[in-house]
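# Remarks on the overall topology
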Amino acid sequence: MQKLIINGGKRLRGEIKLQGSKNSSLPIMAGAVLCGGECVLNNCPELTDIYSASRILNHLGCKCRFSENTAVINSADINVTEIPEKLMREMRSSIIFMGAVLGRTGECIVSMPGGCELGSRPIDMHISAMRKMGIDVKESHGKIICHAPSGKAHGAKISLPFPSVGATENIILCAVTADGETIINNSAREPEISDLCGFLRACGAEISGDGESRIVIKGKNKLHGCDYRIMPDRIAGATYLAMTACTGGEIILTDACVSETEPFISVLEQTGCTITTYDNRIYLRSGSRLKAVRDRIRTMPHPGFPTDAQAVLMSALVTADGVSVFEENIFDCRYRHTDALVKMGADIQVLGKIAVIKGVSRLHGAEIQATDLRGGASMVNAALSAEGTSEISGIHHIDRGYEKIENVVRLLGGDIRRV
Ligand code: EPU
């Protein structure tokens, strides 16, 4: 098992180009199933979750290859509609293939997806939406067996009880080739949804309203392949901004998505960092000790503060001057990184969805274990700001979402190695 060894205490400084978005690439790769031709996806990050998606594509009969952050997917031949449990368990986004395979073939067999352990992560909204679109869904021996009795899904009016990102994506993927019009009320507004819709439009789909809470999809008989550039990863961006902030450093992020990162920037600015943006660049300078964030930080669906950035911001606030309070409203178990931060000297009290952080003057190095993707990234940040050496195990979690994190840290002058 690999580990990251980090000698903390260095101010990070430098310029980095942001990776492409994991959470856009995964549904877009699933969307390629619908095209029946060749899709060229540029700026696709090379991550273990992306390789999991490509294994699913290859299993279905598509051809998928990577070279220098470009994925080329040819979905001319789909000869399998069942995704084995082993592939489903590799990541949460495997469930997004349900809508895509149904849209292409009118049938599919999947099972419960894997992914980070962030509490219970049901798929009831996905299944109920598929049923509304005329899909017969049965669960048997752990398998979810779906088929469209009429050969094809039909359009429907769907009101989501919560703006679920995955359910919104699955409905869109199933609806773009369905018979008739689908309307999603209370749809997720995350930028990655708009990126998926941008890709599908480039393939000939008719979708409007993405980025708002009511998406309208007019089903088309056929889509075609396209060339598409994946948006930058706003959460990786937030991670590198928080990482630099907690080391008292300075960074220029290039190829960033400025407006999409705004909900995070507006909170990070309250710590006293200077942050300026121009075109697709974000500049951050962090001087002496950070200040605690005065208002409670509530994670919310976009455009609220992103749950995916909660852990990485916390890694900066543990050494800020004063008390900061988080309220985690999206997942019921997303504070698993706090034990590691406490082991490093942080003062954190967790009670249900609330975490109270009393800033300490410094952290010290420790042997710690990543328990999920963003929690693991927060440990890297904390280790970089700590005095002494830290050893982080469980880094396969981090590799799911950060492209060669040690190279990025080294480029910024951090002392890190993978062993
Ligand atoms: N939920 C249900 N039923 C459903 C679907 C969701 O109860 O049928 C609940 C979930 O249990 C959770 C909440 O709704 O409590 C939000 O879930 P959502 O469906 O919005 O999340 P997701 O699609 O599973 C995506 C990202 C997550 C990100 C969330 C929220 C991908 C691959 N994953 O997950 O990213 O935290 O949206 O923004 O896009 C990460 O990148 O580290 C990550 C976990």
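Residues numbered from 1 in each chain as written. Predicted model: local features only at pLDDT ≥ 70, side-chain atom pairs only at ≥ 80, totals over all residues. Heavy atoms only, no water.

## Concerning the overall build of the protein chain
Basically, it comes down to this: Here a strand is any run of E in DSSP of at least two residues, a helix any run of H or I of at least four, and the numbering for each starts at the N terminus. The globule rule used here is 2.2 Å times the number of residues to the 0.38 power, and the radius of gyration it is set against is calculated over C-alpha atoms. Accessibility here uses a 1.4 Å probe with only protein chains present; expressed as a share of the type maximum, an area under 20% marks a residue as buried, one over 50% as exposed, and anything in between as partly exposed. Contacts: residue pairs with any heavy atoms within 4.5 Å of one another.
Secondary structure summary: the protein chain contains 14 helices and 23 strands in total. The C-alpha atoms of the protein chain give a radius of gyration of 21 Å, which matches the 22 Å a tight globule of 419 residues would have. Dimensions of the protein chain, computed from C-alpha atoms along their principal axes, come out at roughly 65 × 45 × 40 Å. Residues counted as buried form 58% of the 419 residues belonging to the protein chain. If you take every contact in the protein chain between residues at least 6 apart in sequence, the share linking residues at least 24 apart comes to 72%.

## Some words on the site of the ligand
Basically, it comes down to this: A cutoff of 4 Å decides nearness: a residue is near a molecule or strand if any of its heavy atoms lies inside that distance of it. The accessible surface values rely on the Shrake-Rupley method and a 1.4 Å probe; as for residues, cover is taken only from the protein chains in view. As a working rule, the residues Ala, Val, Leu, Ile, Met, Phe, Trp, Tyr, Cys and Pro are called nonpolar, Asp, Glu, Lys and Arg charged, and the rest polar, with Gly in that last group. Domain borders in the structure are assigned automatically or taken from a domain database.
As a structural note, the neighbourhood of the ligand is formed by 23 residues, with Asp124, Ser164, Asp308, Ile330 and Arg374 the closest of them. Here the ligand loses 89% of its free accessible area of 830 Å² to cover by the protein chains. Mapped by element, the contributors of at least two residues to the shell around the ligand are helix 1 (22–31), helix 5 (124–132), helix 6 (165–175) and helix 12 (373–385). Counting residues per element, the shell around the ligand draws most heavily on helix 5, at 3 residues. Here the residues of the shell around the ligand sort into 9 nonpolar, 7 polar and 7 charged. In terms of domain composition, the shell around the ligand takes at least three residues from each of domain 1 (4–18 + 232–418) and domain 2 (22–229).

## Topic: the sheet that holds strand 20 (residues 354–358)
Note the following rule: When DSSP finds two or more bridges between a pair of strands, those strands are recorded as paired. Inter-axis angles, ranging from 0 to 180 degrees, are taken between N-to-C directions of lines fitted to C-alpha atoms, where helices are fitted over the stretch in contact.
The 4 strands are arranged 17-18-20-19 in an open sheet whose pairing can be described as mixed. At either margin of the open sheet sits one strand with a lone partner, and together these are strand 17 (297–298) and strand 19 (347–351). With 5 bridges joining them, strand 19 and strand 20 adopt antiparallel strand pairing. Each bridged residue has a counterpart across the sheet, and for Gln349 the counterpart in strand 20 is Val356. Of the strands in this sheet, strand 17, strand 18 (323–327), strand 19 and strand 20 are in contact with helix 10 (residues 310–317), which crosses strand 18 at around 170°.

## Overview of the domain arrangement of the protein chain
What counts is decided by this rule: Summed over both partners, the accessible area (1.4 Å probe) lost when two parts come together is defined as the buried area. Throughout this description, a polar contact denotes any pair of N or O atoms lying within 3.5 Å of each other; where both atoms belong to protein, one of them has to be capable of donating a hydrogen while the other can accept it, and for residues adjacent in sequence the pair is counted only when both atoms sit in side chains.
On domain assignment, one finds that the protein chain holds domain 1 (4–18 + 232–418) and domain 2 (22–229). On a C-alpha basis, the centres of domain 1 and domain 2 stand 30 Å from each other. Across the boundary between the two partners, domain 1 contributes 25 residues, which contact 25 residues of domain 2. The three residues of domain 1 that bury the most area against domain 2 are His302, Arg400 and Glu403, which together make up 32% of that side's buried surface. Between domain 1 and domain 2 we count 9 residue pairs in polar contact (both at pLDDT 80 or more) in total. Listing elements by their share of the side of domain 1 that touches domain 2, those giving two or more residues are helix 12 and helix 13 (396–399). Along the lines of polarity and charge, the residues of the side of domain 1 that touches domain 2 split into 8 nonpolar, 3 polar and 14 charged.

## Some remarks on the state of the cysteines
What is meant by a disulfide is a covalent connection between two cysteines, made through their sulfur atoms. Defined as follows: Disulfides are defined as pairs of cysteine sulfur atoms found within 2.5 Å of each other.
Considering all chains together, one arrives at 0 disulfides under this definition. Cys174 carries a free sulfur, and the closest cysteine sulfur to it, the one in Cys108, is 8.7 Å from it. Cysteine Cys197 is unpaired, with the sulfur of Cys203 as its nearest cysteine sulfur at 12 Å. Of the residues examined, Cys197 reaches a relative accessible area of 0% and is grouped as buried.

## Describing the packing of helix 1 against helix 2 (residues 48–60)
Formally: Convention used here: angles under 35 degrees read as roughly parallel, angles over 145 as roughly antiparallel, angles from 65 to 115 as roughly perpendicular, and any remaining angle as oblique.
Where helix 1 meets helix 2, the closest approach of the two axes is 10 Å, and the angle between their N-to-C directions is 0°. The orientation of helix 1 relative to helix 2 falls into the category roughly parallel. Of the residues in helix 2, those in contact with Lys22, Ser25, Leu26 and Met29 of helix 1 are Asp49, Ile50, Ala53, Ser54 and Leu57. A per-class count over the contact of helix 1 with helix 2 returns 5 nonpolar, 2 polar and 2 charged.

## Focus on the sheet that holds strand 3 (residues 38–42)
Pairing is mixed across the open sheet formed by 4 strands, whose spatial order is 4-5-3-13. Every interior strand has two partners, whereas the edge strands, strand 4 (63–67) and strand 13 (227–229), have only one. Pairwise comparison of adjacent strand axes, ignoring direction, gives a mean angle of 15° for this sheet. Relative to strand 13, strand 3 runs parallel, the two sharing 3 bridges. By the bridge assignment for strand 13, Val40 is matched with Asp227. Docked against the sheet, helix 2 engages strand 4 and strand 5 (70–74), running at close to 150° with respect to strand 4.

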